[in-house]
Amino acid sequence: MTTRAPAVEARQLIKTYPPDVRALNGLDITVEPGTVFGLLGPNGAGKSTTVKILTTLARPDSGSAGVAGHDVLRHPDRVRRAIGVVAQNSGADPVATGRENLQLQGRLYGLKGAELNRRVAELLDRFTLTDAAERQVKGYSGGMRRRLDVALGLVHRPQVLFLDEPTTGLDPEARTAMWEEIGRLAGEEGLTILLTTHYLEEADRLAERIAIVDRGRVVVEGTPDSLKGELRGDAVHVELGEAIGEAGRTLLTGSLAGLPGVHEVHLDGRRVSVRADDGAAAMPVLLGALEREGVAVASATVARPSLDDVYLRYAGRRYAEAEAEGSAPLALAGGAR
Ligand SMILES: Nc1ncnc2c1ncn2[C@@H]1O[C@H](COP(=O)(O)OP(=O)(O)OP(=O)(O)O)[C@@H](O)[C@H]1O
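Presented here is a report on the structure given in the accompanying data block.

Here is what the cut-offs are and how they apply
Residues numbered from 1 in each chain as written. Predicted model: local features only at pLDDT ≥ 70, side-chain atom pairs only at ≥ 80, totals over all residues. Pairing = 2+ DSSP bridges. Helix = DSSP H or I, 4+ residues; strand = E, 2+ residues; numbered from the N terminus. Core = buried A, V, L, I, M, F, W, Y, C linked by C-beta atoms within 7 Å. Buried ≥ 20, exposed ≤ 12 C-beta atoms within 10 Å, placed from the backbone. Contact = placed C-beta atoms within 7 Å. Axes fitted to C-alpha atoms, helices over the stretch in contact; angles between N-to-C directions. Expected span 1.5 Å × (residues − 1). Arc of directions from axis to C-beta. Parallel < 35°, antiparallel > 145°, perpendicular 65-115°, else oblique. Left-handed = near helix turned anticlockwise from the far one by under 90°. Nonpolar A, V, L, I, M, F, W, Y, C, P; charged D, E, K, R; others polar.

Considerations on the pairing of strand β11 (residues 234–240)
Pairing analysis gives six bridges linking β11 to strand β13 (residues 271–276), with the strands arranged antiparallel. Paired with V238 across the two strands is V272, which belongs to β13. For β11 and strand β14 (residues 297–303), the ladder comprises six bridges, and the chain directions are antiparallel. Opposite V236, over in β14, you have V302 as the bridge partner.

Right under this line is the structure:
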């Protein structure tokens, strides 16, 4: 039996931006060939920096990385030939037509004549852009532009496709269409896809394996189901009538944590999240305790753990909190967590 080399392998990547922003703090990932791998994390977590290093656009301070069997530092040219990159910002020329964009991209990769025309027609068809092929890209909808971006990344039949935030800025309908498209791509031609996203649902739906990135490193990695499955019991979320101050929060967290069958109490503004062995049994206990503490409750839900709960468990804060913090870089002076 032959073991195939990973399609992407990054070891202990460190990257610092001047003066002291540690964008990557020892990031490790391994992506098996022919799979869809999701790098999931809030804004500023280090996803784009990882993609820049893997696609040879940036150099790490230290660490190593290989893509399609080639070392990104020693053989960047080989890596570039083996990959397709769909960056966050469209690379298409807005005043050229869809077809012209694809033809130009194909020529850059050495395709010409009938072979080029065939490949372009195939991609236009594949991404339902044939009817719009002779129109300038500036008139395309957001979804059409994104589909053209992906087609551009595939012209030269790469082994590994990097999709950086593939659905950011798309409306829900275009996002769903793009998800279907990515799902179909993944099943074809042994293509490996590494996508970055800050949408929990996107990672859950598309990626066979995900790595949750927080503050420049991977805090946990696995299949979405295995990560959710590792969390015992149910996730109970209670929305309070009003936000609780710092002092009250510590007291309330302490008293809820002592309740039978209740674990991992987390209070964030008006939201209480706990994990419970049996959510239905814990709910009246929890609501009773809140009532005794004189805290009004607006709503309460019990659910199977979601990736949001996985994030909370491993990153120590709710995903929405991390997103709201925005790019909260890990300042070197503050020390690593
Ligand atoms: N060129 C740069 N100069 C200085 N700091 C940078 C630069 N690029 C990124 N950073 C910082 O490095 C950290 C990681 O950024 P990165 O773009 O990799 O995160 P991300 O997870 O991709 O977030 P986003 O989804 O917002 O792109 C952030 O704190 C960011 O502000």
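The rest of the description comes next.
Looking at the nonpolar core
For soluble globular proteins, the rule of thumb is that nonpolar side chains tend to be buried together. In this structure, V8, L54, A151, F162, I193 and L194 are the most contacted members of the largest nonpolar core, which totals 68 residues. In this view, V8 contacts I29, V31, L54, V67, V160 and L194; residues no more than four positions away in its chain are not counted. Membership of the second largest hydrophobic core comes to 11 residues, among which are A235, L256, A276 and L290.

With respect to the sheet that holds strand β10 (residues 217–222)
With mixed pairing, six strands are arranged side by side in an open sheet as β6-β7-β8-β3-β9-β10. Where the open sheet ends on each side, the last strands, each with one partner, are β6 (83–86) and β10. Looking at each pair of strands side by side, their axes are set apart by 15° on average, direction ignored. Bridge count for strand β9 (residues 209–214) against β10 is five bridges, and the pairing is antiparallel. Paired with V213 across the two strands is V218, which belongs to β10. Sheet contacts for helix α1 (residues 47–54): β3 (36–40), β7 (160–164), β8 (192–197) and β9; angle to β7, the most-contacted strand, approximately 150°.

Thoughts on helix α10 (residues 279–292)
An ideal rise of 1.5 Å per residue puts 20 Å on 14 residues; α10 measures up with 20 Å between its terminal C-alpha atoms. Listed as buried for α10 are G279, A282, L286 and L290. In an axial view of α10, the angular spread of the buried residues amounts to 70°, which keeps them on one side of the axis. Across α10 from its buried face, at more than 90 degrees, point the exposed residues A280, P284, G288, E291 and R292. Close packing links the buried residues of α10 with β11, α9 (246–257), β12 (262–268), β13 and β14.

Observations regarding the environment of S255
With respect to the helices and strands, S255 occurs in helix α9. Of the residues examined, S255 has 14 C-beta atoms within 10 Å and is grouped as partly exposed. As for S255 and E293, which are separated by 38 residues in sequence, their C-alpha atoms are 9.1 Å apart. Not counting residues up to four positions away in its chain, the partners in contact with S255 are A289 and E293.

Focus: the packing of helix α5 (residues 142–154) against helix α6 (residues 172–186)
α6 packs onto α5 with a crossing angle of 20° between their chain directions and a minimal axis gap of 9 Å. It follows that α5 is roughly parallel to α6 by the angle criterion. For the crossing formed where α5 meets α6, the hand is right-handed. Along its contact with α5, which presents G142, G143, R146, R147 and V150, the element α6 presents A174, A177, M178 and E181. Looking at the contact of α5 with α6, its residues break down into four nonpolar, two polar and three charged.

All we've got here are geometric facts, nothing functional implied.
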